[in-house]
Amino acid sequence: MAASRALRFLQTLRLGELGLARERCAICGFGWLVRLARSEMGVRCARCGASAVTQSLVATLRAEVPALASAAVYEMSAQGPLVAFLRRHCAALTTSELLDDVAPGDSRDGVLCQNVERLTFADASFDLCTSSEVFEHVEDDAAGFREVHRVLRPGGRFVFSVPLHDAAQTQERFAVRDGERIAVQPLAYHADRYRGATILVQRDYGRDLVQRLHAAGFADARIVLPPQRVFGHARPIVVAARGD
Ligand SMILES: [Zn+2]
């Protein structure tokens, strides 16, 4: 699998886009960033490998969650630079992946399986929930948002990234007709970092994502532009808060 990943990586590499910049990584503080491609996923820290999206998320966490060091955190992935950052900077960290053939709440090879539409955690378990590029893949995202709200403590934060489109309304890519999910847009996929496969995109979020979070019970929801850019790239990050 590592070899095929390396091959896919080389196939995406465009020599004309390669670059090096004397900029500080928002996560590990290393002073060199590399540009492998002119995209937010193609600009990375030369040491920890964090993309502009992950760096935007962590810079927003540092700015918006002052009590990070004492926080009990749930992150919806089990590896990568974001997990490494949370492990170093938070009081307690729970991670998970959506695993095939594993019941939510069970583990395989030390990795906990969770389905965000029906989390197995008790109510009010965490001070902070985070996710990166997850919710655009969740079939019933409203159920997922309600579940995150449920497992957060009063005053807890939900800080996450999804691809945000410059549109007022979210565009659903599927509709339910006669109990079946039917594609109403051309199928789109993203790479699934954990399983090394691709995963269907369920919707393209617009600015009404804020209203969707309010509808799920969040007292406050905002789209925040991170405080720094990475090779000119910065991803707006969603910050939602459970009421007290
Ligand atoms: Zn770094």
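Here the structure is shown first, and the text comes after it.
Residues numbered from 1 in each chain as written. Predicted model: local features only at pLDDT ≥ 70, side-chain atom pairs only at ≥ 80, totals over all residues. Heavy atoms only, no water.

**Q** Sorry, what's going on with the nonpolar core here?
**A** Side chains that are nonpolar tend, in soluble globular proteins, to be buried together. Core analysis: the biggest nonpolar cluster contains 27 residues, and Phe 135, Phe 145, Val 148, Phe 158 and Leu 213 have the highest contact counts within it. For this core, the secondary structure elements donating two or more residues are β8 (126-132), α4 (141-151), β9 (152-161), α5 (209-215) and β17 (237-241). Every residue in contact with Leu 213, bar those within four places of it in the chain, is listed here: Phe 145, Phe 158, Phe 160, Phe 218, Ala 221, Val 238 and Ala 240. Counting residues in hydrophobic clusters, the runner-up holds 26 residues, among them Cys 25, Leu 33, Val 43 and Val 224. (Core = buried A, V, L, I, M, F, W, Y, C linked by side-chain atoms within 4.5 Å. Buried < 20%, exposed > 50% of the residue type's maximum accessible area, 1.4 Å probe, protein only. Helix = DSSP H or I, 4+ residues; strand = E, 2+ residues; numbered from the N terminus. Contact = heavy atoms within 4.5 Å.)

**Q** What is the right way to read the sheet that holds β9 from this model?
**A** Two modes of strand pairing occur in sheets, parallel and antiparallel, and in both the strands are linked by backbone hydrogen bonds. Spatial ordering of the open sheet is given by β5-β4-β8-β9-β17-β16, a layout of six strands whose pairing is mixed. Only two strands of the sheet have a single partner each, and these edge strands are β5 (92-95) and β16 (220-224). Looking at each pair of strands side by side, their axes are set apart by 15° on average, direction ignored. Bridging between strand β4 (residues 72-75) and β5 involves four bridges; their strand directions are parallel. The partner of Tyr 74 across the bridge, within β5, is Thr 94. Strands β8, β9, β16 and β17 of the sheet are contacted by helix α2 (residues 52-64), whose axis makes an angle of about 150° with β9. The strands touched by helix α3 (residues 81-89) within the sheet are β4, β5 and β8, with β5 carrying the most contacts at an inclination of about 155°. (Pairing = 2+ DSSP bridges. Axes fitted to C-alpha atoms, helices over the stretch in contact; angles between N-to-C directions.)

**Q** Sorry if this is basic, but what is going on with the packing of aromatic side chains here?
**A** Each aromatic ring pair is characterised by the separation of its centres together with the angle its planes make. Going through the model one piece at a time under the given rule, you end up with ten aromatic pairs. Aromatic ring contacts, followed pair by pair, group Phe 135, Phe 145, Phe 158, Phe 160 and Phe 218 into a single cluster. (Phe/Tyr/Trp six-rings, centres within 6.5 Å; stacked < 30°, edge-to-face > 60°.)

**Q** Looking at this structure, how should I read α3?
**A** Quick reminder: α-helices carry 3.6 residues per turn. Residues three or four places apart thus point the same way. Within α3, burial applies to Leu 82, Val 83, Phe 85 and Leu 86. End-on view of α3: buried residues confined to an arc of 160°, all on one side of the axis. Pointing more than 90 degrees away from the buried face of α3 are the exposed residues Arg 87 and Arg 88. Packed against the buried residues of α3 are α2, β4, β5 and β8. (Arc of directions from axis to C-beta.)

**Q** Can you walk me through the environment of Leu 93 in this structure?
**A** Within the secondary structure, Leu 93 sits in strand β5. Overall, Leu 93 belongs to the partly exposed group, its relative accessible area being 22%. Distance in space between the C-alpha atoms of Leu 93 and Ala 72 is 6.0 Å, their sequence separation being 21 residues. In contact with Leu 93, other than residues within four places in its own chain, are Val 73, Glu 75, Val 83, Leu 86 and Arg 87.

**Q** Looking at this structure, how should I read the coordination of the zinc ion?
**A** Note on metal sites: the ideal angle is 109.5 degrees for four tetrahedral donors, and 90 or 180 degrees for six octahedral donors. Only Cys 25 (SG), Cys 28 (SG), Cys 45 (SG) and Cys 48 (SG) from the protein coordinate the zinc ion, and they sit 2.3 to 2.4 Å from it. All donors of the zinc ion belong to a single chain; written as a sequence motif, their spacing is C-x2-C-x16-C-x2-C. In this structure Cys 48 comes out as partly exposed when scored by relative accessible area, which is 28%. (Donors = N, O, S within 2.8 Å, 3.2 Å for Na, K, Ca; no water.)

**Q** What am I meant to see in the packing of α2 against α3 here?
**A** As a packed pair, α2 and α3 sit with axes 10 Å apart at the nearest point and diverge in direction by 25°. Between α2 and α3, the angle is such that the two are roughly parallel. In the crossing of α2 with α3, the sense of the turn from one axis to the other is right-handed. Along its contact with α2, which presents Thr 54, Leu 57, Val 58, Leu 61 and Arg 62, the element α3 presents Pro 81, Leu 82, Phe 85, Leu 86 and His 89. For the contact of α2 with α3, the class distribution of residues is seven nonpolar, two polar and one charged. (Parallel < 35°, antiparallel > 145°, perpendicular 65-115°, else oblique. Left-handed = near helix turned anticlockwise from the far one by under 90°. Nonpolar A, V, L, I, M, F, W, Y, C, P; charged D, E, K, R; others polar.)

**Q** Just to check I follow, could you spell out the side chain of Thr 130 for this structure?
**A** Among the secondary structure elements, Thr 130 is positioned in strand β8. Look at Thr 130 and you get buried, because its relative accessible area is 0%. A polar atom in the side chain of Thr 130 sits 2.7 Å from the side chain of Glu 75. The residues touching Thr 130, leaving out its near neighbours within four places in the chain, are Leu 61, Val 73, Tyr 74, Glu 75, Met 76, Leu 86 and Val 159. (Polar contact = N/O pair within 3.5 Å; in protein donor to acceptor, adjacent residues only side chain to side chain.)

So yeah, pure geometry; function would need other evidence.
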